[in-house]
Every structure is written in C-alpha cells, then in structure tokens.
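Spelled out, the chains give:
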Amino acid sequence: MSKMEVKTSLLDNMIGVGDMVLLEPLAEESFIKNLRKRFDHNEIYTYIGSVVISINPYRALPIYTPDKVEEYRNRNFYELSPHIYALADEAYRSLRDQDKDQCILITGESGAGKTEASKLVMSYVAAVCGKGAEVNQVKEQLLQSNPVLEAFGNAKTVRNDNSSRFGKYMDVEFDFKGDPLGGVISNYLLEKSRVVKQPRGERNFHIFYQLLSGASEDMLKKLKLERDFSKYNYLSLDSATVTGVDDAVCFRTVKNAMQIVGFMDNETQSVLELVGAVLKLGNIEFKPESRVNEVDESRVKDKNELKEICELLGIEQSVLERAFSFRTVEAKQEKVSTTLNVAQAYYARDALAKNLYSRLFTWLVNRINESIKAQTKKRKKVMGVLDIYGFEIFEENSFEQFIINYCNEKLQQIFIELTLKEEQEEYIREDIEWTHIEYFNNSVICDLIENNTNGIMAMLDEECLRPGTVTDSTFLEKLNQICADHQHFESRMSKSSKFLNDHSLPHNCFRIQHYAGKVLYHVDGFVDKNNDLLYRDLSQAMWKANHSLIKSLFPDGNPAKINLKRPPTAGSQFKASVATLMKNLQTKNPNYIRCIKPNDQKASHIFTDSLVCHQVRYLGLMENVRVRRAGYAFRQPYDACLERYKMLCKQTWPHWRGQARDGVEVLLKDLQIPEDEYSYGRSKIFIRNPRTLFSLEEQRKRRLHGLATLIQKIYRGWKTRTHFLLMKSSQVTVAAWYRRYAQQTKYKKTKSSAIMVQSFIRGWKARKILRDLKYQKRCKEAVTTIGAYWHGTQARRELKRLKEEARCKHAVAVIWAYWLGLKVRREYRKFFRAHAGKRIYAFTIQRIMQKYFLELKNKMPSMSPCDKTWPARPYLFLDSTHRELRRIFHLWTCKKYRGQFTDQKKAIYEEKLEASEIFKDKKALYPSSVSQPFQGDYLEINKNPRYQKLNSLVEEKIIFADIVNKINRANGKGAQRIFLLTKSKFMLADQKSGQQIKSSVPLAELTSVSMSTQSDGFFALRVKEGTTAAAKGDFLLNSERIIEIITKLHRAGLDLTKEKIQIEITDEFLVQFKQDKVCVKFIQNGPKNGTMASCKRKNNRLLEVTVPSP
Ligand SMILES: Nc1ncnc2c1ncn2[C@@H]1O[C@H](COP(=O)(O)OP(=O)(O)OP(=O)(O)O)[C@@H](O)[C@H]1O
Ligand SMILES: [Mg+2]
C-alpha cells in the first residue's frame, strides 16, 4: 500500500483534542486545559476548524524535519495531527490546484512566534514547490531576504529577543504549475524611535551590534568605528548582548544573505557606511553658545566626530555643521533662517539619525524587491504572508505602540469579518438555518482610532497641521473633548462615569480598551512622531553628500524640487497603507495562524494559564469554535462543487445538463450521504462535517485514478495498435527483403556450385588431354632419347675405338717418350737430384709391381687349362695388366698341355674324339668308356703264339682284336668268336676250333650298324644285300668294348670308302638272318636281375634283350 493510500485521521493517537470543534464540553476552562495538555506533550499546534493555534514552545522541537515535510505533503488538512505544515500545504495546494490567491495571516502578541511561523510556512512552501536551478535561486533569494530584514528591522525587546519592529507583508508569486517566480515585500512603519533611544532592558536594532562585533578590524577602520559598544550613545548598555545569540556570527550570515539576495559589494559597503554614520551621529554633542539678540545658539562640541561622519558620507563639514545650528523655514518666496538651541540641535541630530535609518530600511526593502521580483509579466498566483508586529503593551506605550496596536486591531477586524461575521452573514444570505452566536466585534475600536472625522488619528493629524502652538497636551485635550463618550476610550478627563474613579490614569495619558486589552498611552511625542519632521537644512545637507546612496535617500533635499506642501503625517501614511493591506487581504483566501505566548519569561515548558486565557479571550477563539460548531465546515458554490465531484455519479458524468444545484442534489443522493450532513443554500452547498468532505475527496481521488487509468488504457491501446500496425508492415517489408536476400544467396550459391562442378569437369578433361599430350610427347622424347642413346652408344663406341687408337698411338709416343726420357734420365741422373721424386715414384711403382708379381707367383693356379681360378687384383691401376696376365697365363697352360701330346696319343685322342661325336648323349654306355684307353689289339695276335696260325692268315695290320659273343638267332645265346678288324675288312674267327676264320666282310659291304641307347654291348652289323657276305645275313654281336669297336669300324670305313657307315642308335631295330628279318627289342629291367644284359628269343621274329637299369 502506498503512502498516499494510508488512511489516517487527525483523530488517530490524539492527545487531548486536536480540533477544538470536537471539544466536549465546550468551555473556556476545558479549552485552556486542552491547550495545556497538548502543550505539555509537545503538541504546540491545535485546530479550530481550519484555523491553526500555535503556542510558542521557546525551544527547538524536532517537528520541522524534511521527513515531516514529506509526511504532510499532499495530505488532507484533517488527515494528520495538527501542524503548521498542514495549513501551509492546504494553502499551497488550493493556490496551485484551485487557482485561488492565498494569504496567511499570522497574529498574536509580541513574542508569540509570528515571525517564526511565517518562516516555517515559507520554508515548507519552498520545500514542496517545484525544483530546478532557476526556481531554487528564486526560493533561496526569498528565504535569504529574511535575515537581512531581521538584522535591520528586528531588535531585542523585553517581550521578545528578536522582536519585529516593522510590519512585513510578503507576496510570493507562483506560475500556473506552482513554481515560485518571485515576490514583493511591503514594509509597514519601522519603529525608528528605537534608533536613538531604547527602553530599559531593550536593544537598538540588531545590525548595530552585529556590525561592531562581526566586522573585521580593517572594515571597522574604514568605517571609522570602534568595537566597543560603550563608545556609542545610541547603544544602550544594560542589555547589549542577547543570550544564546552570537552577533558576530549573525553578521556573517547577514552579509552572506545580502550577497545571495543580490547586493553588490559596493552596495553592502554603502549600507554599512550609513549604519556607521548613524551610530556616530549619536556621539555628536552640542554646547550652548553666547546669546546674540537673545537667541540661543549651539555649537558642536567635538568636531572630530562630525568630521569623521562627513568623511564617511562625503559631506562638507561646514554644511552639516550649519545644518545642526540653523533652521531655514521657507514660506512662499520668503526664506527665514533661525538658529537652533542645544535641545533643538539634539532634536535635529536624532531626527536625522532616525530618518537616515528608516530611509535606509525602506531602501533595503526596495532593493530586495528589485532582486526578487518576478521576471515575467504573465498572470501570477499569489500567496501573501503577513507578519506584523504583534499587539504589545509596555510599561510606557507611545505613538509606536498606538500604531502597532491599531494595526493588530485591524487584523482582528478582518479576522472577525472573514470568519465570524462573514460566516453568519453567509448563512443568512444563503438561507441556511442559523442560530446567532454572540461575538465581540472590534469595529467600534477601529472606528475610534481611524474615523476620518473624529477618530484619534484624524485628530492627531489635525493638531499637527493646525497653526499656533501645538503640543501633546493640546492633542490630549482634544481627545478628551471628542472621544470622551466613547466606551473604549478613557482618560482622566473622560466623562465616562465608569472610569471616573480610576486614579491609575496619569494626567498625560489616555487609555484605549483594545480587543486584546487595555493599553495606556503616554501622549508625549505623539505630535512630533506623527509629524516626523526633518529640518530641510539637514535633508539638503544629506542630498549634497558625495555618497550615492545617501543622495538617493534624500530626494527631498534637492533644492530644485522644493515642495512646500507638508508631507503626509506618519499616522495617515500608516492608516492608508493598512487600508490598502486590508483591501488586498480581502481579495484573497485567508488562512489563519493564531500565535499564543505561553509565558512572559521566554521560557520553555512553562504554561501560564492566566496569560493564555487572556490571549484566548481577546483572540476570540471561543467564539471561533462556537461558530464552527454551529455551522457547516465547508461550503462551495453549486457549479464549483458539481464540477469537482461530478465524476462520482453516473448521471452527472461527464456532463450535467440541468441546473448545477439539481446536479449536486442528484450527486449527493447517489452517493448516499446522510441528509443531515449537508444543507442546500441559495448558491452554495454547505457540508456540515469535514469528514464528509474528506470522504468525497477520497472518492474523487479514487475515481480520478480510475479515469486516469481509463485514459491511459485507451491511449495505450491506441499506441500499442499503432505500434503493432507499424511492426506488422515493417515485418512484411523485412520478410520481403529477407526472402529476396535468401533467394539471392541461394542462387549465388547454386551458380557458384555449378561453376565449381564445371570447372572440376573442365579441369579433369583438360588434365586427361594434358596427360595424353604428355604421353605422346614422352613417346616422341623416348624415341628421340633412344635414338640419341643409340647414336650416343655408336658414337661412344666409335669414340672409344678412336680413343683407343689415339691412346695406342699416344702410348707408343708416350712409351717412346718415356724411353727417351728414361734414357736421358739415366744419362743425366747423376747430374739431377731433382728427379729423386720421380725415381722414388718409379721405385715405389717398381716395388709394388715386384710385390704384385711375387704374390701372383705364390698364388698361381694349377696348370690345368680347365682351372678358371685367378687371384684377386690388388691395385686398380693394375686392372688391365692383371686381366692381360690371366689371359696370357691361360693361353700358356693350354700351350703347355698341348705340348705333352705324341702322335700315337694324338691318334688315340682323335679316336676318342670321334667316339664322343658318335655316342655322346646317345648311348648310355658311352660315359664309362671315356676313361678306358683304346688298346686295339687286346689279344696281341702277332705276339701271342696261341694265335700264330690266325696271324698268318691275316695279311693286313690288325687294328682291333678281341673276343666277342655272336648271338645265335635260334635261342639268343652267345658264342665266343674272335673279332678282328683291319683297314679293309672285319673278320670273325672261331676261338676254340683252331683259329679258323669263319666270316670275313669287306668294310665296303657294311651298310649300317645298329645298337641300343642303353648300357648293353649288343650291336648289329648290316651287310649290303647281294654281296657274298650277305648270304649269311647280318651279324648280331655283344661286346663290352662296343664303343671302341664301332668307333674304329667307323674310322676304317671312312678311311676306306670316304663314306660314313650309317650308325643307328635305337631300342628296336631289325636284323636280317639269312632270309628272315628278326626284330631286336631292348627293354630295361630292375637291377635285381643281374648286372649283365641277357638276350632271349621270344619268337621267330623277336629277340628281346633285357638290360639292367643303371
Ligand atoms: N515554533 C517555534 N519553535 C521554537 N521556538 C519558537 C517557535 N516560535 C517562536 N519561537 C521562539 O520564540 C521567539 C519569538 O518568536 P517570534 O520572533 O516569532 O515572535 P513574534 O510573534 O514575531 O514577536 P514580535 O511580534 O515581537 O515580532 C523566537 O525568537 C524563538 O526563539
Ligand atoms: Mg516578529
């Protein structure tokens, strides 16, 4: 819940009764008791309806803090406990919100707290109104005008240490928002007599003391002043200091305030010079001079002081001195100068001092007004704050008190008029039922004082203007004559029997029974003070001053503007200004603060019942309460009321078409407000109880919230819809743009992909073509290269050959050269040592060669030409030599081997060679025969005597003789025969039967030889058909030496016929036996069946030879 919604009331936590309207029973006693009770609980404020009663606490209370300001801000008057802030807030808000000019009337006697109250109101308004640099400056200037005016216009009196000695009315101006724009201050009659004389126990105006205490030595010197108060006649000594106040500090505050308000430094200086001059004037003394023509004359006693004043104010000393000694009276064209006696001189001096000071004060007010005046000509709202000197009764009351009290009387009158009388009259006017309340109307007293024909003031003026001797006594006499019958006037001479016996009245006095009490006035000085005369010589002297401020203060001293008319008297001036003020106040909405003083001791916590009771009475507070109780708390014209609350009812909202009064009636009925709570006047509605009003206000506030919400709702709806539409159209635009962008991007991507694919394919194709082209190129290059290599090889071969040739030639040349060289060297060696190197080299080479050859000798391989081994080459440079040596060695071994052969052996080898040509790789028996030497005649026919007969039978040389087996065709079994071979024939002889040649066949008749491929010794010799030998048929023989037999047979046949015998090597061949041809077939058998081959007859036509397998 926000602070604004907290429902509080004046009635909450109330001490006594906060609003006297609620006091029960209503009597003076209970009234005072209530005030006292509240005062004792530090509740110094109490209401009577909207009037605030304030009791001076004479001490600082913690109720003016910024928090408090916030608490009372924008709250209803009756919502919180009574406070001056509530009144200030009410006034400010009705000024701001209802456009009503306000005035705050603060009344009460001297020391009751009016000035403080006015300051509190001002500070509250300053705190709650608008903010900002400009506004703050205005506020600050308005607030700071107070210390300046208080310093110059306030003084310590017996009643109040800071008593206002002038009346002040300040209009604060606001713009339509409630921000302050500026202000106007009006001042009323400064009590200037105080400048020259103060009653006992009182002080002169604060500024004198502040200047002397607070000014720097330097400044004092400039102003020709001394700090000591006792040096100045115008300063009373008995109470020169005020307890709890530091004048020096105050002086600084004042100077600072002057600066803030806008005083220039030279202006401040001028003001202080004038203050100093006034002080010093008091020190001028006069002495009587010799009488000439029986006229008293006076002279200034101590001219030093006069001189200093003149220096300070820039006046010629003689001029001022003369002005103190003479008085010039001008009448029509005549100018009469008279001398002044001592008393007159003093009078003139004091008059000058008073005038100087009061004119300075008026100038100050005007100067402040210049600073704080609003800078705009626009219409302004105004809040006036009236803080006038309070009603006062001193031991000796003079013209000033008379004026002051008159002013208070007028204020009381306006209070009565506006509250009591006006209230009652309004009820009558509005035709509201009303029970009359008796109250004291002080207009009779006002009349006594201000009546234009026989009022006291009018009579005083008359006396002042009257020719002839006029004294205060003649004035009193006149009063006695005219006012004697007045019930509020008393004097010794008054005819009122009621006061005849009153001996307390001195002779030179009159007494007025003011609304606030009886005051006894001494007539002494009334005429003079009313006249307020300043001798023209003095004003002229001032005008002549070489000091701009003084000159401007005394325009009447200008001889060119001599006004022979008398200036208006002080009384009539004051009366006129009070009348203007009253008129002004009547146009504004009044707010009352009635200040009450609790005691005469200026002490806190003391509540003197009698003193308060007296004030309550003369302030008419009881009547005030009664009137409030009898009547209605609130009234308002119908149209204003309807305008304000019409939103609370359906019929009246938003427009009421009929009479305003009817509208209000409908409204109040609709709101179900009890009928006795209000009354219908002629033009206004009267509401009895403030609480009814508050409830109306509360409802209005809530309704306004609702209306504001409605407006907000509609506005927000409109705004959101507009925003939505904008967003929608924006979205469409954005989407369109986005789609375009997306499609663009997609297209670009596709395009780039296509390009990429294309480029890859093109690349691939290009590479393929490139590869082909490269291949072709390489082929061409290869052909070229092969050609080149071929040509190269050819060329190199040719080159090599040529080189070899060249080298050979060169070698021959070189060898020749070397040889020559060697020879020469040998020849010359003994002469040249220089060739040692070459010799060593040659030696080394020789040594290496020697070693090489020796090693080679040791490692020589065997002499066999078949031995292919050869030692390794030890040095590279010997490569060709090494190879050459090997070749030579091989050729040599071969030569050696060949050298061993005899012719006989040669023939044997030739036979062996032939055997090899015939049988190698054809006949399995051949390898075993290679190592057996062919002996030929194994039987040694020609030596062995056994074959003597056979030998004799054969004429030719026997080439071969051995025993063979002749195979029988019938059984395949062999029969031993001697086989003989000569150059021309072969023969078979019987071995046993005595060497008989059984068959002899010339080699020319032998056609072919057949044998097997195997390791057997069977062979068939075939004979040419038709020959003698052929009759017996072919021979099938078996011999171990088949190889030798066939070889020799073949040689012999070749030698004889030059034709080769056909040799058939096969495992199946035909043999011609007589007429039959028998097939000989060789089969291989396992080795078990003996080592010898055996022949078996299989049938007529087949002989089977079984050969053991090897
Ligand atoms: N609300 C307050 N809180 C504390 N002290 C206060 C209050 N009101 C007045 N006083 C004290 O009382 C003194 C007199 O008050 P103030 O000057 O306002 O009286 P006044 O009514 O203006 O008298 P006068 O008519 O002489 O100017 C003040 O100097 C101050 O010390
Ligand atoms: Mg005051």
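All right, on to the site of ligand 1 then. Around ligand 1, the surrounding shell holds 19 residues, and the nearest of these are Asn56, Ser110, Lys114, Thr115 and Ser163. Interatomic distance of 3.4 Å between a backbone N/O atom of asparagine 162 and an oxygen atom of ligand 1. Contact between ligand 1 and serine 163: an oxygen atom at 2.6 Å from a side-chain N or O atom of the residue. Burial of ligand 1 by the surrounding chains reaches 86%, relative to a free accessible area of 620 Å². Those elements that provide at least two residues to the shell around ligand 1 are α4 (114-128) and β5 (163-164). Here the shell around ligand 1 gets three residues from one element, more than from any other, and that element is α4. Residues belonging to the shell around ligand 1 are distributed by class as follows: five nonpolar, ten polar and four charged.

Interpretation of this model should avoid reading the predicted coordinates in detail wherever pLDDT is low. Per-chain confidence: the chain averages 87 in pLDDT, with 95% of residues scoring 70 or above. Between residues 1-7, whose pLDDT stays under 50, and residues either more than four places distant or in other chains, the model counts ten contacts.

Grouped together as the largest cluster of nonpolar side chains are 186 residues, with contacts concentrated most on Phe31, Phe152, Phe208, Leu320 and Phe510. Among the nonpolar cores identified, the runner-up in size contains 31 residues, and Leu925, Phe986, Val1009 and Val1023 belong to it.

Summarising the metal site, the magnesium ion (ligand 2) is bound by the protein donors Thr115 (OG1) and Ser164 (OG), whose distances to it range over 1.9 to 2.1 Å. Within this pair, whereas threonine 115 is found in helix α4, its partner serine 164 is found in strand β5, the two being separated by 49 residues in sequence. Serine 164 matches threonine 115 in its accessibility class, with the two residues each being buried.

Below, the discussion takes up the environment of alanine 742. With respect to the helices and strands, the residue alanine 742 is situated in helix α27 (residues 690-829). You can call alanine 742 partly exposed: its relative accessible area is 28%. With 325 residues separating them along the chain, alanine 742 and glutamate 417 place their C-alpha atoms 87 Å apart.

The next thing to look at is the pattern of salt bridges. A complete count under the given rule lists 58 salt bridges for this structure. A salt bridge links lysine 177 to aspartate 179, with the nearest nitrogen and oxygen atoms 3.7 Å apart. Taking the shortest distance from any N to any O, the salt bridge between lysine 280 and glutamate 308 comes out at 2.5 Å. Taken together, the residues span a long stretch of sequence, with lysine 280 in helix α10 (residues 265-281) and glutamate 308 in helix α11 (residues 303-313) at a distance of 28 residues. Taken together, the salt bridges that share partners define one network made up of Arg165, Glu191, Arg194 and Glu202.

Turning our eyes to something else, we now look at the sheet that holds strand β13 (residues 489-491). In spatial order, the strands read β13-β14-β15; together these three strands make up an open sheet with antiparallel pairing. Either end of the sheet is taken by a strand with one partner, and the two such strands are β13 and β15 (517-522). Going across the sheet, the axis of each strand differs from the next one's by a mean of 25°, ignoring polarity. Two strands pair when backbone bridges link them, and β13 and strand β14 (residues 509-514) are joined in this way by three bridges, in the antiparallel orientation. Within the sheet, the bridge partner assigned to glutamate 490 lies in β14 and is arginine 511. Its contacts with the sheet put helix α15 (residues 443-450) on β13 and β14, and the angle it makes with β14 is roughly 150°.

Parameters and conventions
Residues numbered from 1 in each chain as written. Chains lettered and ligands numbered in written order. Predicted model: local features only at pLDDT ≥ 70, side-chain atom pairs only at ≥ 80, totals over all residues. Heavy atoms only, no water. Near = heavy atom within 4 Å. Polar contact = N/O pair within 3.5 Å; in protein donor to acceptor, adjacent residues only side chain to side chain. Areas by Shrake-Rupley, 256 points an atom, 1.4 Å probe, with all protein chains shown as cover. Helix = DSSP H or I, 4+ residues; strand = E, 2+ residues; numbered from the N terminus. Nonpolar A, V, L, I, M, F, W, Y, C, P; charged D, E, K, R; others polar. pLDDT = per-residue confidence, 0-100. Contact = heavy atoms within 4.5 Å. Core = buried A, V, L, I, M, F, W, Y, C linked by side-chain atoms within 4.5 Å. Buried < 20%, exposed > 50% of the residue type's maximum accessible area, 1.4 Å probe, protein only. Donors = N, O, S within 2.8 Å, 3.2 Å for Na, K, Ca; no water. Salt bridge = Lys/Arg side-chain N within 4 Å of Asp/Glu carboxyl O. Pairing = 2+ DSSP bridges. Axes fitted to C-alpha atoms, helices over the stretch in contact; angles between N-to-C directions.

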